[in-house]
Amino acid sequence: MLENLLDPVVLCFVAGVAAGLSRTDLKFPEALYETLSIYLLFAIGFKGGIQLSESEWTRVIGPAAGTLGAGLVIPLISYWILRALGAMKPHDAAAIAAHYGSVSAVTFAVVLSYLNRLGVPAEEFVTVLLVILEVPAIMVGILLARLSDNSGPVRWKPLLHEVFFGKSVYLLLSGLLIGWLAGAERAAPVKPLFFDLFKGALMLFLLEMGTVASRRIRDLAKTGWFLTAFGIGMPVLSGAIGTAAGYLTGLSPGGTAVLATLCASASYIAAPAAMRIAVPKANPTLYLTASLGITFPFNLVAGIPLYHWMAQRVHEWGGKI
Amino acid sequence: MRERTKRKLLSIIAESSIEPFIIEDLRAMGVKGYTSWEARGEGERGDRAGDWEQNRNVMIQVVCSDSTADKIAERLFDAYQQDYAMVVHVSDVEVMRPQKFT
């Protein structure tokens, strides 16, 4: 874990949190934040698409089904825990559940860079799993909220538009498609921009996310100890579910670690935007603080090495039987 | 000098997530044009510094007749006041082409 802490990406996040907590005047211009997030989402999709073009894509079917299953089960379990153990209101529980079932593309990028550094290979199609996991949990969260509180009409058209054509899903999907269609050879001229510079851009983005997360960390006192415990316990549980899904559907140890991290990560771009529209009664402070103030930092610092460890253990045990 | 006619200026400051809904409502009520821009500020629903996407505000301004201004304000209050950060205020303005602002 100490080794992970010294990754410049993680150190940048820590520096961002420190900048926020010490109230320096560091503030990324909004346009830069936007630019970096567009670049990262597109590059993640694009790189995944190029890798996909070199793989036999029929192998993705089993893991894809497992991922979809995890995406539907995790929000249901989250909802039950938040309602039964946390005594949360139905709409708050539903909105938080959607965040925990959905994914954080940045956490995905960090786990890939982590495995890359350790020299652990993962399947070429893992980006497809990221895209698959993004949407179902948001839909489950919306349905859970509607079942518990049926007051007021929902404007489905703009809502579905936000869910399926929100920038994160669109950028990932279009990047994936472009990379897959173009293939490695045709993509070679843009390699410096999308491959070589990627990690540097990720570092800058995490510096900014650190300052944003630090403001959420200040809200922890308002949201209470249960949410803090949930923000750490839930990703570990989801990570275990993802580890099982990865192992059972035949992923390599590296691929299993990626799927476990995807399941453990909580969305903070697509899900908040959709929940604000779909479940307006849910308190944004709760889901943003849990997802961005607790789970995101936890995953970066301790979660990713933990999920990798889980994946290794499962494959070792599986190999012995 | 051209003659000036009294109209209402409706200013809506709201969280950006409901901007598309508000615009749709304005169109449905016969508003032909509006001006909008991103805004920053602080209010009873907290600090909206506008530094990342869940934290943005928008300012929308419409010039229209008294009766349209009333209708819009009522509609917006019914639909959004309870669950979203929103401030609406109305002021008097004078325009030179009243037919544009009904």
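Before reading on, note that the structure itself is shown above.
Residues numbered from 1 in each chain as written. Chains lettered and ligands numbered in written order. Predicted model: local features only at pLDDT ≥ 70, side-chain atom pairs only at ≥ 80, totals over all residues. Heavy atoms only, no water.

Participant: Got a sec to walk through the overall build of chain A? Specific residues and values, please.
Facilitator: Scanning chain A for helices and strands turns up 17 helices and zero strands. Against the compact-globule benchmark of 20 Å for 321 residues, chain A has a radius of gyration of 19 Å, which places it among compact chains. Dimensions along the principal axes, computed over C-alpha positions, put chain A at roughly 55 × 50 × 40 Å. Burial statistics for chain A: of 321 residues in total, 57% are counted as buried. (Helix = DSSP H or I, 4+ residues; strand = E, 2+ residues; numbered from the N terminus. Rg over C-alpha atoms; globule rule 2.2 N^0.38 Å. Buried < 20%, exposed > 50% of the residue type's maximum accessible area, 1.4 Å probe, protein only.)

Participant: Lay out the overall build of chain B in plain terms, naming residues and giving numbers.
Facilitator: Along the backbone of chain B there are two helices and six strands. Moving toward the C terminus, one meets the helices and strands of chain B in the order β-α-β-β-β-β-α-β. When its C-alpha atoms are laid out on the principal axes, chain B stretches across 45 × 25 × 20 Å. For chain B, with 102 residues in total, the buried portion stands at 45%. Sequence separation of at least 24 residues holds for 77% of the intrachain contacts in chain B that already meet a minimum separation of 6. A total of about 5900 Å² of accessible surface is found on chain B, and carbon and sulfur atoms cover 46% of it. Of note, chain B has its 15 positive side-chain charges centred 10 Å away from the centre of its 18 negative side-chain charges. (Contact = heavy atoms within 4.5 Å. Areas by Shrake-Rupley, 256 points an atom, 1.4 Å probe, with all protein chains shown as cover. Lys, Arg positive; Asp, Glu negative; His and termini not counted. Charge placed at Lys NZ, Arg CZ, Asp CG, Glu CD.)

Participant: An account of the packing of helix 8 (residues 136-148) of chain A against helix 9 (residues 156-165) of chain A is needed here, citing residue identities and associated values.
Facilitator: All names here are of chain A. Axis separation between helix 8 and helix 9 bottoms out at 10 Å; the angle between their running directions is 150°. On the basis of the axis angle, helix 8 is roughly antiparallel to helix 9. The chirality of how helix 8 crosses helix 9 is right-handed. Contacts between helix 8 and helix 9 involve I138, M139 and I142 on the former and, on the latter, W156, L159, L160, V163 and F164. Of the residues contributing to the contact of helix 8 with helix 9, the split by class is eight nonpolar, no polar and no charged. (Axes fitted to C-alpha atoms, helices over the stretch in contact; angles between N-to-C directions. Parallel < 35°, antiparallel > 145°, perpendicular 65-115°, else oblique. Left-handed = near helix turned anticlockwise from the far one by under 90°. Nonpolar A, V, L, I, M, F, W, Y, C, P; charged D, E, K, R; others polar.)

Participant: Account for a nonpolar patch on the surface, with residues named and values stated.
Facilitator: All names here are of chain A. Taken together, the side chains of L143, W156, L160, F164, F165 and Y170 make up a nonpolar region of the molecular surface, amounting to roughly 620 Å² of accessible area. Broken down by element, the nonpolar patch gets its largest block of residues, four residues, from helix 9. With respect to the helices and strands, the residue L160 is situated in helix 9. For L160, a relative accessible area of 34% puts it in the partly exposed group. (Patch = residues over 30% accessible without salt bridge, like charges linked within 9 Å, V, L, I, M, F, W, Y side chains within 5 Å. Salt bridge = Lys/Arg side-chain N within 4 Å of Asp/Glu carboxyl O.)

Participant: Run through the pattern of salt bridges, naming residues and quoting values.
Facilitator: The tally for this structure, following the rule as stated, stands at 16 salt bridges over all chains. A salt bridge links R276(A) to E15(B), with the shortest nitrogen-to-oxygen separation between them at 2.7 Å. Pair noted here: R276(A) is in helix 16 (residues 270-278) and E15(B) is in strand 1 (residues 5-15), and the two residues belong to different chains. On the basis of relative accessible area, R276(A) is assigned to the buried category, the value being 7%. Residue classification places E15(B) among the buried residues on the basis of a relative accessible area of 4%.

Keep in mind these values describe shape, not function.
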